Amino acid sequence: MLRPVTLYCGDYPTSRFENLFCIGSAIDCSPHLGRVQDLKRALISDIHGNLEALRVVLDDICDQDISEIVCLGDIVGYGPNPCECLDEIMQRCDGRCILGNHDQAALFDPDGFNPVALRAVYWTREQLDTGHGGRNRVVARWDFLGELPRMLIPDDDDLLFVHGSPREPTNEYVFPEDIYNHRKMDTLFGLISKYCFQGHTHIPGIFTSQMEFVTPEDCGYRYQLRDEKTMINVGSVGQPRDNDPRCCYVILDGDWVIFRRLEYPIDVVRNKIYAVDSLDNMLGDRLLAGR
Ligand SMILES: [Fe+2]
């Protein structure tokens, strides 16, 4: 069972949706007793409207005896199938999904987006407003996005789920090179009780309390969590940026973090992107390179 965390409600623009969870940067991560429970979870993030990648991941999850799927945000943005991806996530992750910065950009005025991303945001909005399934389906998708919390804390675990970082759950990036920024990392580790799972950079790996960054390759795609604070980036389903074009997600099984990398029909997605004027061709090209 996961609970959304509402810590602060400021002057958030709620013109479109009045029931958006508004959460600030101060986090009460009360320490929980006990270790990571036996629940076997799949953690997916940064799908970005890539339906072919999402379907491959969901099929793989079906074969892994998973208890629940948690989505760490950015369901839409960049990719050609925002409505279809939303429909899948609404069905598989209802109550276990977080708002990503691109989901937020679809809802409200986008901030800090480059021109390519901005055009994709406006096209995505159009799809969400006119998508298939009739008016009720359109409203259901907007409602789902508008009700997403910015973080989740399972009741029974030392876990925190965010899109960006424990300090700024939606927008702050934690890059591998941040291990050299001890002030930043100390602050972030100070905000979590034990294990924080996140996405946003599209670069999978483990941040240890010893200021190391362990890539999936470094640990043979399996990392055993120790009794110390750790941040885990689960990578991206739909737009990996670690020079490995295969989609990525994580299975949390006891205290093991397992990175799954899967091939998917990239050319199908590229051609869909090339066919949409508002989606820059580079959004298709980058999928091939995984960056
Ligand atoms: Fe993203």
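Residues numbered from 1 in each chain as written. Predicted model: local features only at pLDDT ≥ 70, side-chain atom pairs only at ≥ 80, totals over all residues.

Comments concerning the overall build of the protein chain
Looking only at helices and strands, the protein chain has eight helices and twelve strands in total. Counting all 291 residues of the protein chain, 42% fall into the buried class. Long-range contacts, defined as pairs at least 24 residues apart, comprise 72% of the intrachain contacts of the protein chain with a sequence gap of at least 6. (Helix = DSSP H or I, 4+ residues; strand = E, 2+ residues; numbered from the N terminus. Buried ≥ 20, exposed ≤ 12 C-beta atoms within 10 Å, placed from the backbone. Contact = placed C-beta atoms within 7 Å.)

A closer look at the sheet that holds strand β12 (residues 256–262)
The strand order across the open sheet built from five strands is β3-β2-β11-β12-β9, with neighbouring strands paired in mixed fashion. Two strands in the sheet have a free side with no partner beyond their single neighbour: β3 (68–71) and β9 (222–224). Each neighbouring strand pair of the sheet contributes to a mean axis angle of 20°, computed without reference to strand direction. Relative to strand β11 (residues 247–253), strand β2 (residues 40–44) runs antiparallel, the two sharing four bridges. Among the inter-strand pairings, R41 is bridged to a residue of β11, identified as L252. (Pairing = 2+ DSSP bridges. Axes fitted to C-alpha atoms, helices over the stretch in contact; angles between N-to-C directions.)

What to know about the nonpolar core
The nonpolar side chains of a soluble globular protein tend to be buried with one another. Counting residues in hydrophobic clusters, the biggest one holds 61 residues, and the most contacted among them are L43, I98 and F161. Broken down by element, the residue count for this core peaks at six residues, all from β11. Setting aside chain neighbours within four positions, we find L43 in contact with V70, L72, F197, V234, Y249, V250 and L252. (Core = buried A, V, L, I, M, F, W, Y, C linked by C-beta atoms within 7 Å.)

Some words on the confidence of the model for the protein chain
Per-chain confidence: the protein chain averages 88 in pLDDT, with 86% of residues scoring 70 or above. Predicted confidence is poor over residues 5–35, with pLDDT under 50, and the contacts of this stretch with residues over four places away or in other chains come to 51 contacts. (pLDDT = per-residue confidence, 0-100.)

Remarks on the pairing of strand β5 (residues 159–162)
Along any regular strand the residues' side chains alternate between the sheet's two faces. Side-chain alternation along β5 places L159 and F161 on one buried face and L160 and V162 on a second face that is also buried. Across three bridges, β5 lies against strand β6 (residues 195–198) in parallel orientation. When the bridges of β6 are listed, L160 appears paired with C196. Considered for its hand, the β-α-β crossover made up of β5, helix α6 (residues 182–190) and β6 is right-handed. (Right-handed = clockwise from strand over helix to strand, strands pointing away.)

As for the pairing of strand β4 (residues 151–154)
With burial as the criterion, each face of β4 is covered, one bearing M151 and I153 and the other bearing L152 and P154. Relative to β5, β4 is paired through two bridges, and the arrangement is antiparallel. Within β5, the position partnered with M151 by the bridge is V162.

Observations concerning helix α8 (residues 281–289)
Residues spaced three or four apart along an α-helix face the same direction, because each turn holds 3.6 residues. Those residues of α8 that sit buried are L283, G284 and L287. For α8, the angular spread of the buried residues around the axis is 100°, confining them to a single face. Away from the buried face of α8 by more than 90 degrees, exposed residues M282, L288 and A289 are located. Contacts made by the buried residues of α8 are with α4 (115–130) and α7 (266–274). Directly beyond the C-terminal end of α8, a positive phi value near 65° is found at G290. (Arc of directions from axis to C-beta.)

Things to note about the packing of helix α1 (residues 51–62) against helix α2 (residues 82–92)
Closest axis-to-axis distance for the α1/α2 pair is 9 Å, and the angle between their directions is 25°. Relative to α2, α1 is oriented roughly parallel. Relative to α2, α1 is oriented so that their crossing is left-handed. For the pair α1 and α2, contact is made by L51, L54 and L58 and by E84, C85, E88 and R92, respectively. Residues that form the contact of α1 with α2 fall into these classes: four nonpolar, no polar and three charged. (Parallel < 35°, antiparallel > 145°, perpendicular 65-115°, else oblique. Left-handed = near helix turned anticlockwise from the far one by under 90°. Nonpolar A, V, L, I, M, F, W, Y, C, P; charged D, E, K, R; others polar.)

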